[in-house]
Structures are given as structure tokens and as C-alpha cells.
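Descriptive structure summary
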Amino acid sequence: MRAVLLHEFGPPAHLRVEDVPAPRPAVGEVAVRVAAAGVQFLETQIRAGTMRGALGGAPLPVILGKEVAGVVTEVGPGGDASLIGTRVLGSTTGLGGYAETAVVPAGALLPVADGMGLPEAVALHRYGATAQGLVRAARVTAGERVLVMAAAGAVGTILVQLLKRAGATVVAAARGEHKLALLSELGADHVVDYSLARWTGRARDAAGGPMDVVFDHVGGALGREALELLTPGAGRQIVFGFSSGTPLEVRPMELLGRGLTLTGFSAGHIWSRPALARELVTEVLDLAAAGLITPVIGQRFPLERAADAHAAIEARGTVGKTLLIP
């Protein structure tokens, strides 16, 4: 089978397609013929070598890729043969997704309804669970003013839609006119380009006041500026990443003095609780199947262009989910 291998850490060009033996499922696993594999920002960091610890000690070469959707072709010893031929969504144990066939734990499989495309299911999988988990963690209620940073990304595009369903007034912040246009189409009440000077004033004016909640995946200077938009005594900022490369830095006395809440959110805590992860993903998939939210796939690349997929994500030029299509 064909797969994308990483032999050494470095730039995107280090990702190369090769012919390798197809994996065979062990006990408790199934083999999936991959129709679409998700590309995560974390995987670009692993490839670059800045997050090599995420490999868990696995030696190079490796096949990156955690999110896959496809059709079950084989079950491990003692497995349920009725799974063969079913359309499923699943996660590898962390490696192996950038390939024509991937092995995934059988217990983590989710069925994909016939009316939903397999690429669309991948777009809603792990990042959909993250978005739904974020809404719960922030305890968003109807009428609250909410700012979503990096709103045109894979999590942000889902988050904006979930927040609108919760009755919030959504201010979506991103960089560039094409991203802002997409966010308006997804239902954001207001859009703002945070690459422009005085963007926070524009956000406040558009929403008619300070923000009750900020969802921050950017960190750094922009995260600090967003913090200043929070409502004194009630505002809360949910930090779930720092795509700027610099974490948000806040002193405890700042929070105390303004009566703010700062919450750290890691998607890893969702996936360490399989029942919760399944619940969150199912909720999002059901909403999409009912036509109530729209999965956004901004970029599709063949396996041979995995390097281009990584480069596009690193250049911050992507919207929604980026996929590899074997």
C-alpha cells in the first residue's frame, strides 16, 4: 500500500509517499481502507521536531495521522466479522493514518450514516468533539457576547455554529477577507480581522459591549488583547492552544483585580474518557446529519501532496479542516 513516511524531523518536504506492507489488525483492532485522513496542526509540529515527544517514543520512520474515516476491510483475531464492509470513523493510536489502510481500535469506532460523506465525518470528528466540549466548559448561555479567535480554523468553524445554536451573539475573529466571508456564511453575527489595528475596538463596537466569553486558540499578544475585552466581574477566557507559538501569559492578580476567570482546556481530557468523547462526537454528527451545522473542508490533498498540506497549515492559509485523500 502507499503511505506517507517521515524519516527525519524537518520541513514539510521530509514527508514522502512510499510503498509499504499493509498493516494487519491485532486483537481488538480493525483495518480500515482510508477514504479520508485528517491533518492536525499538532502533526505539523511533530514533523518539524518541536513536539517529537508526542510520538511517545516511537522511532523514525513513522506514518503520521490519527483521524481516519473509511470502510472496515479486516478484523483482528476474535473480532466481530459483521464490521467488515461498514463505514466508520475512528482514531489510530496516534500513528498510521496517512495511508491507504490504517489500523484502529475497534472499541473506538463510530458508524457513519449513509447520508454523510466520509470526508465530512472526519472534518467533524475530533475537532467537533473539541468544539462541543468547549461550549460545555464555558457554560455559554443565550444572549451572551462571545468572541472566537482563529474562528476560520477546523475547531473555530464548528464552534461558531454551535455557539449560534446556543443563542450567543458571536464575534468571529480571523485574518483575511476570504476567512471573514466564510464566517459570515456560517452564521457569525459579526466578523473582525485581528490583523488590523484597533481590532478590539471594532469587536466591542460590533457586539455592543465587552465580551462575556473568549475562546482563545491563538495566545501571545492577540490573546492578551482579547483578554482586555472581557466583562469585568463575569468575563471568562477559555484557552485551548497557542497557534501563535507563544502561550497566553496572565498574572493571577490581573484576574483577581478584574474578577475574570481563565480556564485551560485540553482535548486530551476528552479522549481520555471514551464515553464522553463518543457522546460529544455523536452529538455533532447528529446535528450535521440533520442539516443543522455544516462541516467545512477547506483543503483536500492526495497522499503525494502531504507536504503541501502541512505547508498550507503552517502558513495559516487554510480554512476549516485539511484532509488527505488516498
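Rules of the game
- Residues numbered from 1 in each chain as written.
- Predicted model: local features only at pLDDT ≥ 70, side-chain atom pairs only at ≥ 80, totals over all residues.
- Heavy atoms only, no water.
- Helix = DSSP H or I, 4+ residues; strand = E, 2+ residues; numbered from the N terminus.
- Rg over C-alpha atoms; globule rule 2.2 N^0.38 Å.
- Buried < 20%, exposed > 50% of the residue type's maximum accessible area, 1.4 Å probe, protein only.
- Contact = heavy atoms within 4.5 Å.
- Areas by Shrake-Rupley, 256 points an atom, 1.4 Å probe, with all protein chains shown as cover.
- UniProt positions renumbered as here; feature names shortened; annotations may be inferred.
- Axes fitted to C-alpha atoms, helices over the stretch in contact; angles between N-to-C directions.
- Parallel < 35°, antiparallel > 145°, perpendicular 65-115°, else oblique.
- Domains from an automatic or database assignment.
- Buried area = accessible area lost by both parts, 1.4 Å probe.
- Salt bridge = Lys/Arg side-chain N within 4 Å of Asp/Glu carboxyl O.

Naming follows an unreviewed UniProt entry, where the protein appears as NADPH:quinone reductase of Bailinhaonella thermotolerans.

**Side note on the overall build of the protein**
In terms of regular secondary structure, the protein is built from 11 helices and 15 strands. Against the 2.2 N^0.38 benchmark of 20 Å for 326 residues, the protein shows a C-alpha radius of gyration of 20 Å, consistent with a compact globule. Expressed as lengths along the three principal axes of its C-alpha atoms, the size of the protein is roughly 60 × 40 × 35 Å. Within the protein, the fraction of its 326 residues that count as buried is 51%. Once local pairs closer than 6 in sequence are excluded, the contacts in the protein between residues at least 24 apart make up 68%. Here the protein has roughly 13,600 Å² of accessible surface; of this, 55% comes from carbon and sulfur atoms.

**Describing the UniProt feature "domain: Enoyl reductase (ER)" (unreviewed entry) in the protein**
In this structure's numbering, the residues bearing the UniProt feature "domain: Enoyl reductase (ER)" (unreviewed entry) are residues 10–324. Taken end to end, residues 10–324 is 32% helix and 23% strand, and its first and last C-alpha atoms sit 20 Å apart.

**Details of the packing of helix α3 (residues 126–138) against helix α10 (residues 274–289)**
Between α3 and α10, whose axes approach to 8 Å, the crossing angle comes to 100°. When the axes of α3 and α10 are compared, the pair comes out roughly perpendicular. Touching G128, A129, Q132, G133 and R136 of α3 are L276, E279, L280, V281, E283 and V284, all from α10.

**Topic: the side chain of T101**
Relative to the elements of secondary structure, T101 occurs in strand β6 (residues 101–105). The residues contacting T101, other than those within four sequence positions of it, are M1, P23, A31, V32, R33, V34 and G96.

**What to know about the domain arrangement of the protein**
For the protein, the domain assignment lists domain 1 (2–112 + 296–324) and domain 2 (131–268). One C-alpha centre belongs to domain 1, the other to domain 2; they are set 30 Å apart. In this assembly, 8 residues from domain 1 lie in contact with 10 residues from domain 2. When the buried surface of domain 1 facing domain 2 is broken down by residue, V296, R316 and V319 rank first, second and third, together holding 59% of it.

**Topic: the pattern of salt bridges**
Side chains bearing opposite charge may pair, as long as their charged atoms lie close to each other. Enumeration according to the criterion identifies 15 salt bridges in this entry. Measuring nitrogen to oxygen at the nearest pair gives 2.6 Å for the salt bridge that ties E279 to R136. Of this pair, E279 sits in helix α10 while R136 sits in helix α3, placing them 143 residues apart in sequence. On the basis of relative accessible area, E279 is assigned to the partly exposed category, the value being 37%. Look at R136 and you get partly exposed, because its relative accessible area is 39%. Three or more residues joined by partner-sharing salt bridges are found here, namely R224, E228, R251, E254 and R258.

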